[in-house]
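Observations on chain architecture
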Amino acid sequence: MDKLVCIDCWRRDNLTFAQRLDPAFITPGPVHRCAIHRTLHEDLQGGPGPAVAA
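Notes on the structure follow. The structure presented is a predicted model; accordingly, all values stated were derived computationally and were not measured.

About the cut-offs
- Residues numbered from 1 in each chain as written.
- Predicted model: local features only at pLDDT ≥ 70, side-chain atom pairs only at ≥ 80, totals over all residues.
- Heavy atoms only, no water.
- Helix = DSSP H or I, 4+ residues; strand = E, 2+ residues; numbered from the N terminus.
- Buried < 20%, exposed > 50% of the residue type's maximum accessible area, 1.4 Å probe, protein only.
- Areas by Shrake-Rupley, 256 points an atom, 1.4 Å probe, with all protein chains shown as cover.
- Lys, Arg positive; Asp, Glu negative; His and termini not counted.
- Salt bridge = Lys/Arg side-chain N within 4 Å of Asp/Glu carboxyl O.
- Contact = heavy atoms within 4.5 Å.

**With respect to the overall build of the chain**
In terms of regular secondary structure, the chain is built from 3 helices and 0 strands. For the chain, the α and β elements follow one another from N to C terminus as α-α-α. The buried share among the 54 residues of the chain stands at 9%. Element-wise, carbon and sulfur atoms account for 62% of the exposed surface of the chain, whose accessible area totals about 4,900 Å².

Here you go:
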């Protein structure tokens, strides 16, 4: 099992909707994300973006 699997893809494919909402199934720590989920996660976290003039 040396192949890295995107945690978001794994959760989507292996957990029910109710399990995805349950904090018991959310594991903190370093995770691998595919390119699509990495971009989505960075956008939601307020990653690098255009500078806003004050």
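After that view of the structure, there is still more to cover.
**Remarks on the side chain of R11**
In this fold, R11 is placed in helix α1 (residues 7-14). Buried within the structure, R11 lacks any salt-bridge partner; D8 is the closest side chain of opposite charge, at an N-O distance of 4.8 Å. When sequence neighbours within four positions are dropped, the list of residues in contact with R11 reads R20, F25 and I26.

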